[in-house]
Amino acid sequence: MVRLALALSLALGAACAASAAVTGVAFVHGTGAQTNALADYWTPEFVNSVRQGLPDQSKYVVVNCDLGQYMWDSRAAGCVAGQLTSFINGAGITDLVVITHSNGGNVVRWILSNPTYDSRYPNIIGKIRWVNALAPSSAGTPLADAVMNGNVFEQALGWLLGYQNDAVRMQQVSWMAYYNQNNLLGTAGRPALPKGFWAVVGTDVDSSPFDGDSWCGGYQYNLGLETTQNWLASCSDGFLNCTSQQAAGRTWFRDVDRMAGAEPLSHNQSRRACFGLDRILRDDL
Amino acid sequence: MPNLKSAALAASLALGLAGVAQAADLRLSAPAAGDQVPTRLSANPDTRATATLDRTPVAVSWALDPAANLAERPEAFVQQSREYWLDADEAQLRRGIGLPTTAEAALIRISPHGGNRSRLSVDDLVIRNGGVELNGRAATQSLVDETALRAAGMDVPEGTVIARLAPAAGKGRLELAVPAASGSYLIHVFEPTSTAVLSLTAARDTVLAGQPLRISAALQGAKALTASGLLTAPDGYSQPFALQLQADGSWQADVVPDAAHARGPGLWEVHAFTSGGTSRAPVQRDARTAFALSRPSARLDGTVASTADAGRGGLSLAVGIEAASASRYQLAGVLYGTAADGTRRPAAYAQSAGWLDAGNGRLTLSFDRSTLEAAKLTAPYELRDLRLSDQADLGLIERRARAVELR
């Protein structure tokens, strides 16, 4: 068995810097089950803009999985691994840039942190150049706590309140603290991930009805945002505190430092062609 | 910052060689305080989770930045709460239910449940404070419904509304009344600006089946007069426990989670409920945090066989494992080397997993030549943060901060 294991050993740092690299890009969505993430999660405008940075624009894949499950679940990371493997093998990819949004960052970080959990993972990791994690929920969100906290009553009374799916449960702050200490790498005090995990951080939300920028990505003014902000820190994208977005890997940039007009990216806007984000991701390929 | 990203990528590829240890049969160091070491094994009765596990052995390693400061052991997470929850039926709400608040502008979330399909509006609410009664419009700054909350990323249940109290409602012994209430409701009170904060922590984030977990709670900014606790298991089982008042005013309990309920994915939770007050107002707070319970289905048997691979210039550490149940086990550790100034610095991380039948077996951490070269560290080396896990349930079974020294 040991010999077999050694045969499968991989120096994961030695990636794909060969001159004949075939570069591809993969888009991994956030919480929820997707069957058409291109249309329903990212929008063709965003994906088509980003893939213009590829030498061959056909070398892209938009993952559709059930990320309403725990990150390690066969329907979550297992599904992502299956679709990435098919893409890598089918398109001959040797240099893969992965773009994740929100909880998609946790699922890909699970794969990067647990290469021995699934024998497909090492090959995927070996092909990854780096991960561009858009607003990753690396340390969870207090909003997940707020909707799940009634569950002690649920268990006592036998009714279901606030329970959406295991991904929401998993993104409670104390749960992510556990997973970051025990099942995931790349946070403070833990060994680094085998590949770069570069976070794009949304720092604020423009929600004025008089500011046209608030409408990019369809994130219009609403009273709900003003209410949910009470659970979040002053630096947040409306769903995640900046500290959560910056908890794993390294910060690539904060929205106001790179976006056109120093506009902030709300949590919805960080998966849309807003304020030049798509062009920055395109140029990164 | 594409240049920074490119530089980091280049660094990860610039691997250099360092000399490594000779072949030797070694023993694990004695466990230190804070290590998690099973003293007895118990077979996992639930074998369903192993059925879908990958059977292919995999071993990987990669270089670490020697300048990185890695934690010796996990830090306890501390949950802080300015919130509490109440369950209220229609009779209580029609009459009026006490909602103690310590700060103005509290948020009050009302969620119907138990088949209750009612939808409340601002005109359904009444807030009383002392002898003053305010209707919903006067008592609140805003009231948002489930549609607006979900649009903002808060996946609240159907029929939920959140009211933000107006300054006119004040604080203290408030009473919420809903004269048209129908059915049952969960009331959630959140005071974002309050100085009364309940802190809750478990001493460890993982506990082995049969072992106690120390739980501590403290209410800052007020005095807690009563406190109670509850563990909830991944299968939904609830286990109440008593918190004891300590001399410093905090509360503490040592609880042994009922391992019969350690089935299913997900974590256990600790819930604490306190009530007390300041000199001017009553205070109520609930908090919770998470931990894992692991079954000791395997353990490190103490043996380590170190092999310097002359052909590849790498190092292999075959670590002995005694398993009570067949499963796919995972071993992970950080190899430290010695820097020029004599300090131990991280050189590489390795992880290995494979199927082990019940009995004695081994998993091997392999550090290849290029991985070891990157750190530019020398002997003596030391294996630290050695962790044994069962990939069937992701349970962390054994963890040692300092595992073995290689001279």
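Residues numbered from 1 in each chain as written. Chains lettered and ligands numbered in written order. Predicted model: local features only at pLDDT ≥ 70, side-chain atom pairs only at ≥ 80, totals over all residues. Heavy atoms only, no water.

1. Concerning the overall build of chain A
The condition that has to hold: Helix and strand assignments follow DSSP, with helices taken as H or I runs no shorter than four residues and strands as E runs no shorter than two, numbered in order from the N terminus. Only protein chains enter the accessibility calculation, which uses a 1.4 Å probe. A residue is then buried if its area is under 20% of the maximum for its type, exposed if over 50%, and partly exposed in between. Contact between two residues is taken to exist if any of their heavy atoms lie within 4.5 Å; hydrogens are not considered. Note that accessible areas follow from Shrake-Rupley with a 1.4 Å probe, and for residues the cover is restricted to the protein chains shown.
A count of helices and strands for chain A gives 14 helices and seven strands. Here chain A holds 285 residues, and the buried ones make up 66% of them. Put simply, of all contacts in chain A between residues at least 6 apart along the chain, 75% involve residues at least 24 apart. Total accessible area on chain A stands at roughly 9,000 Å², and carbon and sulfur atoms take up 50% of it.

2. Things to note about the pairing of strand β3 (residues 78–81) of chain B
Residue and element names in this part refer to chain B. Rule in force here: A pair of strands is treated as paired once DSSP finds two or more bridges between them.
Along β3, the buried face is formed by Gln-79 and Ser-81; none of Val-78 and Gln-80, which line the opposite face, is buried. With four bridges connecting them, β3 and strand β13 (residues 197–202) associate as antiparallel partners. Note on β13: the bridge partner recorded for Ser-81 is Leu-198.

3. Brief notes about the nonpolar core
Defined as follows: By nonpolar core is meant a set of buried Ala, Val, Leu, Ile, Met, Phe, Trp, Tyr and Cys residues that side-chain atoms within 4.5 Å join together.
By size, the foremost hydrophobic cluster in this structure holds 55 residues, and its most contacted members are Val80(A), Leu96(A), Trp110(A) and Tyr179(A). Here Leu96(A) is in contact with Gly24(A), Val25(A), Ala26(A), Leu84(A), Phe87(A), Ile88(A), Lys127(A), Ile128(A), Arg129(A) and Trp130(A), once residues within four sequence places are set aside. With 29 residues, the next largest nonpolar core counts Ala202(B), Leu231(B), Trp251(B) and Val270(B) among its residues.

4. Here we look at helix α4 (residues 77–91) of chain A
Residues and elements named next belong to chain A. Going by this rule: By definition here, a helix of n residues has an expected span of 1.5 Å times n minus one.
If you check α4, its first and last C-alpha atoms are 21 Å apart, about what 15 residues at 1.5 Å a residue would give, namely 21 Å. Listed as buried for α4 are Ala-77, Gly-78, Val-80, Ala-81, Leu-84, Thr-85, Phe-87, Ile-88 and Ala-91. Buried residues in α4 make contact with β2 (23–28), β3 (60–62), β4 (95–101), α5 (104–113) and α6 (121–127). Positive backbone phi, approximately 65 degrees, marks Gly-92, located one or two places after α4.

5. With respect to the packing of aromatic side chains
The condition is simple: Here a pair means two rings of Phe, Tyr or Trp (six-membered ring of Trp) with centres within 6.5 Å. Their orientation is stacked below 30 degrees between planes, edge-to-face above 60, and tilted elsewhere. The criterion for a charge sitting over a ring is simple: Lys NZ or Arg CZ within 6 Å of the ring centre, and within 35 degrees of the ring normal.
Scanning the model with the defined rule gives 15 aromatic pairs over all chains in all. Judged by centre distance (6.0 Å) and plane angle (50 degrees), the ring pair of Trp72(A) and Trp110(A) falls under tilted. Here Trp72(A) is found in the loop between β3 and α4, whereas its partner Trp110(A) is found in helix α5, with 38 residues between them in sequence. On the basis of relative accessibility, which here comes to 1%, the residue Trp110(A) falls in the buried class. What links up through ring pairs into an aromatic cluster is the set Tyr70(A), Trp72(A), Trp110(A), Tyr117(A), Tyr121(A), Trp175(A), Tyr178(A) and Tyr179(A). A cation sits over an aromatic face here: Arg384(B) above Tyr336(B), 4.2 Å from the ring centre.

6. Some remarks on the pairing of β2(A)
Residue and element names in this part refer to chain A. Burial analysis of β2 places six of its six residues in the buried class, the great majority of the element. Residue alternation in β2 divides its side chains into two sets, Thr-23, Val-25 and Phe-27 and Gly-24, Ala-26 and Val-28, and both sets are buried. Sheet analysis places β2 next to β4, joined by six bridges and oriented parallel. In the sheet register, Val-25 faces β4, and the bridge partner there is Val-97. Of the strand pairs in this sheet, β2 and β3 are connected by three bridges, and their pairing is parallel. Counted as the bridge partner of Phe-27 is Val-62 from β3.

7. Re the domain arrangement of chain B
All names here are of chain B. Our working definition: All domain edges in this entry derive from an automatic or database-based domain assignment. Any carboxyl oxygen of Asp or Glu within 4 Å of a side-chain nitrogen of Lys or Arg constitutes a salt bridge here. In the scheme used here, Gly and all other residues not listed as nonpolar or charged are polar, with Ala, Val, Leu, Ile, Met, Phe, Trp, Tyr, Cys and Pro taken as nonpolar and Asp, Glu, Lys and Arg as charged.
The domain boundaries assigned to chain B delineate domain 1 (2–73 + 296–406), domain 2 (83–190) and domain 3 (195–294). In this complex, domain 1 contributes 14 residues to the contact, which on the side of domain 3 involves nine residues. The interface formed by domain 1 and domain 3 contains one salt bridge. Linking Arg-399 and Asp-205 is a salt bridge whose minimum nitrogen-to-oxygen distance equals 3.7 Å. Each residue belonging to the side of domain 1 that touches domain 3 can be placed in one class, and the counts come to six nonpolar, three polar and five charged.

8. Notes on unusual backbone geometry
Look at the link from Ala379(B) to Pro380(B): it is a cis peptide, with omega at 0 degrees. Following the sequence through the fold, Pro380(B) ends up in strand β27 (residues 378–390). Of note, Thr43(A) is a non-glycine position whose phi angle comes to about 80 degrees, a positive value. Relative to the assigned elements, Thr43(A) resides in the loop between α2 (37–42) and α3 (44–50). Its identity is not glycine, yet Leu394(B) carries a phi of approximately 65 degrees, on the positive side.

9. Side note on the state of the cysteines
All names here are of chain A. As a reminder of what qualifies: Two cysteine sulfurs form a disulfide in these notes if their separation is within 2.5 Å.
Counted according to the given criterion, the structure contains two disulfides over all chains. With a sulfur-sulfur separation of 2.0 Å, Cys-65 is cross-linked through a disulfide to Cys-79. Negative torsions about the S-S bond denote left-handed disulfides, and the value of about -80 degrees found for Cys-65 with Cys-79 makes this one left-handed. Remark: Cys-79 occurs in helix α4 and Cys-65 occurs in the loop between β3 and α4; sequence separation between them is 14 residues. Cys-235 shares a disulfide with Cys-242; S-S distance 1.9 Å. With the S-S bond torsion at -80 degrees, the cross-link from Cys-235 to Cys-242 turns out left-handed.

10. Here we look at the environment of Ala272(B)
Residue and element names in this part refer to chain B. In this fold, Ala-272 is placed in strand β20 (residues 268–277). According to the relative accessible area criterion, Ala-272 is buried, its value standing at 1%. It is 9.9 Å that separates the C-alpha atoms of Ala-272 and Pro-240, two residues lying 32 residues apart in sequence. Every residue in contact with Ala-272, bar those within four places of it in the chain, is listed here: Leu-198, Leu-200, Ser-228, Gly-229, Leu-243, Arg-285, Asp-286 and Ala-287.

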